[in-house]
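Report on the structure
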Amino acid sequence: MKPPIYGVMAEFNNPTSLVNAAREARARGYRKLDAYSPFPIEELTEVLHLPKSKLPLIVLIGGILGGLTGYLMQYYVTVIYFPINVAGRPLHSWPMYIVITFELTILFAAISAVFGLLALCGLPMPYHPVFNVERFALASRSRFFLCIEARDPLFDRKATEEFLDSLDARRVTEVAH
Amino acid sequence: MADDRQIEDEELKPAPVIAPGYTFGTVTDQIASVVLTRRTPVFWIACFAGGFALLLLFLWSLVLLLAKGVGIWGIKIPVGWGFAITNFVWWIGIGHAGTLISAILLLLNQSWRNSINRFAEAMTLFAVACAGMFPLLHMGRPWLFYWMFPYPNSMGVQPQFRSPLVWDVFAVSTYATVSLLFWFVGLLPDLATLRDRSENRMARGIYGILAMGWRGSARHWSNHDVASLLLAGLATPLVLSVHTVVSFDFTVAIVPGWHSTFFPPYFVAGAIYSGFAMVLVLAIPLRHVYGLQGLITDKHLENSAKVMLATGLIVGYAYILETFTAWYSGNVYESAALWHRMTGPYAFAYWILITCNIVAPQALWFKRMRSTPALLFVASLVVLVGMWLERFVIIVSSLAQDYLISSWRVFTPTRWDWATYVGTIGLFTFLFFLFIRLLPMISIFEVRTLLPQAKVEEETEG
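Residues numbered from 1 in each chain as written. Chains lettered and ligands numbered in written order. Predicted model: local features only at pLDDT ≥ 70, side-chain atom pairs only at ≥ 80, totals over all residues. Heavy atoms only, no water.

1. Examining the pattern of salt bridges
- With the rule as written, the count across this model stands at 18 salt bridges over all chains.
- Note that D29(B) and R197(B) form a salt bridge whose closest N and O atoms lie 2.9 Å from each other. You can see D29(B) sitting in helix α2 (residues 24-35) and its partner R197(B) sitting in helix α6 (residues 164-197), a full 168 residues away along the chain.
- What makes R197(B) partly exposed here is its relative accessible area of 29%.
- Through salt bridges that share partners, E11(A), R135(A), R143(A), R170(A) and R171(A) make up one connected network. (Salt bridge = Lys/Arg side-chain N within 4 Å of Asp/Glu carboxyl O. Helix = DSSP H or I, 4+ residues; strand = E, 2+ residues; numbered from the N terminus. Buried < 20%, exposed > 50% of the residue type's maximum accessible area, 1.4 Å probe, protein only.)

Okay, here's the thing in structure tokens:
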């Protein structure tokens, strides 16, 4: 049972109107909504009650895995697989392992940060209904958009449109699937 | 009373970083128009052509090198490193300023960096690419480069993980990868802008694929912010570690003139010094040609000049310390090494480098100097020459005259040494100008956040 349209979208002139509109919409009880802006707006995170990003955890795990990989790889190679006896010096020469352990920690953490970011954003995404709105191209230039999605239980094609119209919006459009 | 407070507030506000009068639209259009236009300025064509010509020279010397071997260079024992490693250290040092601007200044909340970080990061990438060429080519058989990585092989040998040269492989390849990823994450929203602004179908397709469907949703931005901060936090220790590891190539050896503990901070400071010089060399003509003075303002140039002055003083301190240590250690080899540097076959290089790196940059104390772009451009070129000579002197003069007089030998570069070096400058210019033409050279979304209208005003409850 797919709703006939994706949602209703309102266009705003400046970040302040967008943040105020998002706040109003939350206050009205709308929950399935998203705001689009040409640059990050910190206030939106709070207003839309976005969950805390899981990225730091992903990066931490990536970093730990990288560090372990680096250390264990060197341990395995220098102690077990290819030991070189240099005048009886210890094979497990851990101070010499630090540099590569550090580098691989950073490498794995950075790679997990980027792939984590893409995964959390759901990218790459070849198709998304918001792009059906012609003026949405301005979301990456100078305009601010708020979209209330049709899967919101409170969504009603007419009432939601009227509600968005009552905010400080430049125009309100339906978003086709 | 209320008026008084307002006046005070205005005085407390820091001066704007970019020129007044910009809107979200004009910022976007101005930066994107460099890319999304059919018109290419003559300056671009000239620089690109020059870079391309030198790139061909590089390819020529590369072919000759692969056909005949590293003997076409002037390297002979004891100077086995010569130009190749000098250029490697120089190039990778230049890259460091880009990461400093993009990562360290982000963590320190220096928002003025927003209009120079993108091309500085590009500079990092291309400088690391040029740097990487030299150790690869210096190996003699570059197609066997994968022997440096540990993998199960039929030869039954493995890399020596206790050697700084192997650390270098990991440090530099990690640095290149992380720089690329960081750059791409920053580019993502701007690629979306280009996708939405471009009128050409093919361009829209290509930028669209690269932008991966970025739509500027609040969810995207909140994750993007976290990712940028985390990557900056990772890149900061990384950039400091890379030149530290590069300096280990020298300090871990027992060659007099190399074996000293202050090399890591000295190398990192020198790296940032030459890197900011390169940033200025690139920024000054670019902002002039593309009329970007409103975005890359005199303040940016002045701040970069100040960083240059500060790191230059650290480098100067290192030279003094080097001399002091050589004398105070009482070690005959150490003091002889320094004496050879100052009076030996490479004395000319040593004294030019002292002039370029310590004496000349003192002019940056004067505000007039820092606020005249043409003079600043010249000063930066002087620093780049000085830093190259510094790498040269450290590497070559120390190797040429070490412990045993019977093994001394003076290194003289051949024309192919010069051709390879100048060739990588061509490679760098070629890549950099391609970047200028194909991608936004200033981070559009970060500049938007600098505009006063980007601030969300206090809630006005109706």
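2. Thoughts on the pairing of strand β3 (residues 144-149) of chain A
All names here are of chain A.
- Taken across its six residues, β3 has six buried, putting it largely inside the fold.
- Covered by surrounding structure in β3 are F144, L146 and I148 together with F145, C147 and E149, the residues of both alternating faces.
- Where strand β1 (residues 7-12) lies against β3, six bridges are found, and the strand directions are antiparallel. The residue bridging M9 from the neighbouring strand is C147, located in β3. (Pairing = 2+ DSSP bridges.)

3. Topic: the interface of chain B and chain A
- Listed per partner, the contact involves 62 residues of chain B and 62 residues of chain A.
- Where chain B abuts chain A, roughly 5,500 Å² becomes buried across the two surfaces, and 70% of that area is made up of carbon and sulfur atoms.
- Connecting chain B to chain A are two salt bridges.
- Across the pair R219(B) and D34(A) runs a salt bridge whose closest N-O atoms are separated by 3.2 Å.
- Linking chain B to chain A there are 21 residue pairs in polar contact (both at pLDDT 80 or more).
- Of all the secondary-structure elements, those providing two or more residues to the side of chain B that touches chain A are α2, α6, α8 (218-251) and α16 (444-448) of chain B.
- Per-element tally for the side of chain B that touches chain A: the top contributor is α8(B), with 18 residues.
- Class assignment of the residues belonging to the side of chain B that touches chain A gives a composition of 30 nonpolar, 20 polar and 12 charged. (Contact = heavy atoms within 4.5 Å. Buried area = accessible area lost by both parts, 1.4 Å probe. Polar contact = N/O pair within 3.5 Å; in protein donor to acceptor, adjacent residues only side chain to side chain. Nonpolar A, V, L, I, M, F, W, Y, C, P; charged D, E, K, R; others polar.)

4. Topic: the packing of aromatic side chains
All names here are of chain A.
- Taken as a whole, this structure holds 55 aromatic pairs over all chains when the rule is applied.
- Note on Y36 and F136: the rings are 5.2 Å apart at their centroids and 85 degrees apart in plane angle, and the pair reads as edge-to-face. Residue Y36 is found in strand β2 (residues 33-36), and its partner F136 is found in the loop between α4 (94-121) and β3; the two are separated by 100 residues along the sequence. Comparing Y36 with F136 shows no difference in burial state: the two are buried. (Phe/Tyr/Trp six-rings, centres within 6.5 Å; stacked < 30°, edge-to-face > 60°.)

5. Some points on the layout of surface pockets
Residues and elements named next belong to chain B.
- Of the pockets and cavities examined, the second largest pocket occupies roughly 860 Å³.
- As for the second largest pocket, its lining consists of 27 residues, of which P135, L136, M139, M148 and V169 are closest to the centre.
- For the lining of the second largest pocket, the secondary structure elements donating two or more residues are α4 (82-107), α5 (117-138) and α6.
- Residues of the lining of the second largest pocket, tallied by class, amount to 21 nonpolar, three polar and three charged. (1 Å grid on protein atoms, 1.4 Å probe; cavity = no way out; pocket = protein on both sides within 12 Å on 5 of 7 lines; lining within 4 Å. Points joined across faces, edges and corners; volume = space filled by probe spheres on them.)

6. A few points about the nonpolar core
- Residues L146(A), W91(B), F119(B), F250(B), F432(B), F435(B) and M441(B) are the most contacted members of the largest nonpolar core, which totals 203 residues.
- Element by element, the count of residues in this core is highest for helix α9 (residues 263-289) of chain B, at 17 residues.
- Those residues in contact with L146(A), other than ones at most four positions away along the chain, are V8(A), M9(A), A10(A), F12(A), L18(A), A21(A), A22(A), A25(A), L33(A), D34(A), A35(A) and L164(A).
- Ranked by size, the runner-up nonpolar core spans 10 residues in total, among them V130(A), V133(A), A139(A) and C147(A). (Core = buried A, V, L, I, M, F, W, Y, C linked by side-chain atoms within 4.5 Å.)

7. A short note on empty space enclosed by the protein
- Throughout the structure, instances matching the rule amount to four cavities of 30 Å³ or more.
- There is about 90 Å³ of room inside the largest cavity.
- In terms of lining residues, the largest cavity is bounded by 16 residues, among which A139(A), S140(A), W214(B), R215(B) and G216(B) are the most central.
- Taken together, the elements giving at least two residues each to the lining of the largest cavity come down to α6 and α16 of chain B.
- In terms of residues, the lining of the largest cavity owes the most to one element, α6(B), which gives five residues.
- In this structure, the second largest cavity occupies an estimated 60 Å³ of space.
- Those elements that provide at least two residues to the lining of the second largest cavity are α4, α5 and α6 of chain B.

8. Observations concerning the side chain of S112(A)
All names here are of chain A.
- Following the sequence through the fold, S112 ends up in helix α4.
- By relative accessible area, S112 is classed as buried at 14%.
- Of the polar contacts made by the side chain of S112, one reaches the backbone oxygen of A109; its length is 3.0 Å.
- Discounting residues that sit within four places of it in the chain, S112 has contacts with L55, I58, V59, G62 and L117.

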